[in-house]
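# A structural walkthrough
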Amino acid sequence: MTTASSSPAISNSERIFTLRDHASLWFSLGVGLLVMQMGAYLVPALGTRSALLAIIVGSILGAALLAWVAQLGCNHGLSSAGLMQATYGRGFAKLPVVLNIIQLLGWTAFELVIMRDGFTAIISQTTGLNAAWLPFAVTAFFGGLLFLLASSSMIQLVRRVIGHYALPLVVLSLVWLSVQFILRVLHADGGLSAFWHKTGTGEISTLAAIDLVIAMPVSWLPLVADYARYGQLGAHKTSAFKGTWLGYAIANIWCYGLGVLVVSTTAPDVGLVSAILLAQFGLIALGLILVDEMDNAYGDVHSGAVSLNHLFANIRIATWGKYLAITAVLCAMLLDMHGLEPFLLMLSSVFVPLYGVIIARLSFKTTLDERVHAPAIHMPSAVIWLIGIAVFHLCSHYAPQLGSAIPSLLVSFSLGWLLRK
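Residues numbered from 1 in each chain as written. Predicted model: local features only at pLDDT ≥ 70, side-chain atom pairs only at ≥ 80, totals over all residues. Heavy atoms only, no water.

Helix and strand counts for the chain come out as 18 helices and zero strands. Taking 22 Å as the expected radius of gyration for a compact globule of 421 residues, we find that the chain reaches 21 Å, a close match to that expectation. Over its C-alpha atoms, taken along the principal directions, the chain stretches across nearly 65 × 45 × 45 Å. In the chain, the share of contacts with a sequence separation of at least 24, taken over all contacts with a separation of at least 6, comes to 88%. As displayed, the chain offers around 17700 Å² of accessible surface, 69% of which is attributable to carbon and sulfur atoms. Across the chain, the 20 positively charged side chains and the 17 negatively charged ones have centroids separated by 14 Å. (Helix = DSSP H or I, 4+ residues; strand = E, 2+ residues; numbered from the N terminus. Rg over C-alpha atoms; globule rule 2.2 N^0.38 Å. Contact = heavy atoms within 4.5 Å. Areas by Shrake-Rupley, 256 points an atom, 1.4 Å probe, with all protein chains shown as cover. Lys, Arg positive; Asp, Glu negative; His and termini not counted. Charge placed at Lys NZ, Arg CZ, Asp CG, Glu CD.)

With that out of the way, let us pick up helix α13 (residues 282-311). Across its 30 residues, α13 extends 44 Å between first and last C-alpha, which sits within 8% of the 44 Å expected from 1.5 Å per residue. Burial of α13 is extensive: 25 of the 30 residues sit out of reach of the surface. (Expected span 1.5 Å × (residues − 1). Buried < 20%, exposed > 50% of the residue type's maximum accessible area, 1.4 Å probe, protein only.)

Between helix α2 (residues 33-40) and helix α11 (residues 239-264), whose axes approach to 7 Å, the crossing angle comes to 55°. Comparing their axes, α11 and α2 come out oblique. At the point where α2 passes α11, the crossing takes the right-handed sense. Contact with α2, carried on its side by Val35, Met36, Met38, Gly39 and Ala40, involves Asn252, Cys255, Tyr256, Leu258, Gly259, Val260 and Val263 of α11 and no other residues of that element. Among the residues forming the contact of α2 with α11, the class breakdown is nine nonpolar, three polar and no charged. (Axes fitted to C-alpha atoms, helices over the stretch in contact; angles between N-to-C directions. Parallel < 35°, antiparallel > 145°, perpendicular 65-115°, else oblique. Left-handed = near helix turned anticlockwise from the far one by under 90°. Nonpolar A, V, L, I, M, F, W, Y, C, P; charged D, E, K, R; others polar.)

We now examine a nonpolar patch on the surface. On the surface, Val175, Val179, Ile182, Leu183, Leu186 and Leu192 cluster together into a nonpolar patch covering about 480 Å² of accessible area. By residue number, the principal contributor to the nonpolar patch is helix α7 (residues 154-187), which donates five residues. In this structure, Leu186 sits in helix α7. (Patch = residues over 30% accessible without salt bridge, like charges linked within 9 Å, V, L, I, M, F, W, Y side chains within 5 Å. Salt bridge = Lys/Arg side-chain N within 4 Å of Asp/Glu carboxyl O.)

Turning our eyes to something else, we now look at the pattern of salt bridges. Under the definition given, this model contains one salt bridge. For Asp117, the salt bridge goes to Arg116, with nearest N and O atoms at 3.1 Å. Judged by its relative accessible area of 17%, Arg116 falls in the buried class.

Structure, rendered in structure tokens:
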């Protein structure tokens, strides 16, 4: 099997994504049950106003970072793996590329588990069926659907399925759930005033909460260029940045906020999924949101396939996507995903400083000739990345009130900027 020595930019004829395409894709990818669950973690540790402040600030900053990398991918027509190679060298870049493939495989399995658990709960509530084989059947069903999506055209999926059909239904479900739980707030004791002035227990700081909110857009950093490189240039040269920022920031704020709203109006012993199911027409709304999780799983699979194609160019992206889909289904069925979660989160932590260096080194370059003649390793970039990882984990252990992502990003970006030449 031959390996790719470089990551060629896509041709101008392939650049067809408009601002609307970018915004639709990243709004859809930003919506998810996992995001709502992350929002639910913010309370009661934070009061309502502090939680909403953290959600807005973290979403704007995190989506801006995501959009910045999207614009880099669009400007240079390179995939995420191509940006890594241009920054770290053709040999050393294989390390983060492989780590990215591993984490994408794990997160795909997690998405399948989320869909499985949600639809198993829906089936059990509506039919009373609680058979032991049901979770495996549901996993196999969604795995088969993911396999079919991996075989199809990514561009057509984004422009037709997501933009024209999936997105309106998801927005409708979010609007419905928001109205239902806002009405609960208005009819509760004290109404809106009591909800707005609710104080937290102080278990986490606002900075740490912002760090938690930023975690979701940061988790998409290793994927965004794989899609943004298809963005139009010329008169639309900033559409990748604007569309990605706008789409993801709105989705992240909405879903985190909805998570806060749901948990604040529900008894402590009732989980997020159960609370949504108990809402009027909540079953339909939850079903639509869970179906939308499929594009998150597809996003992971497609990006993983692009990275594998970067390493082994003689196998098509669609073929790699099928292999990854099958592997993710087996992982979802056979592995303890909760046991793997800390490992996946640890892998995620390496990509904050990784992209801090990429942004610092590539943002103001008009061409990337060094990607073709790149050295095996660009030592300053590699060292700065390792320093950024160390800062991330040191802050997490010794100064959790400061958060981890922001300090790590600032250190890696600053050092990368100073040594960019």
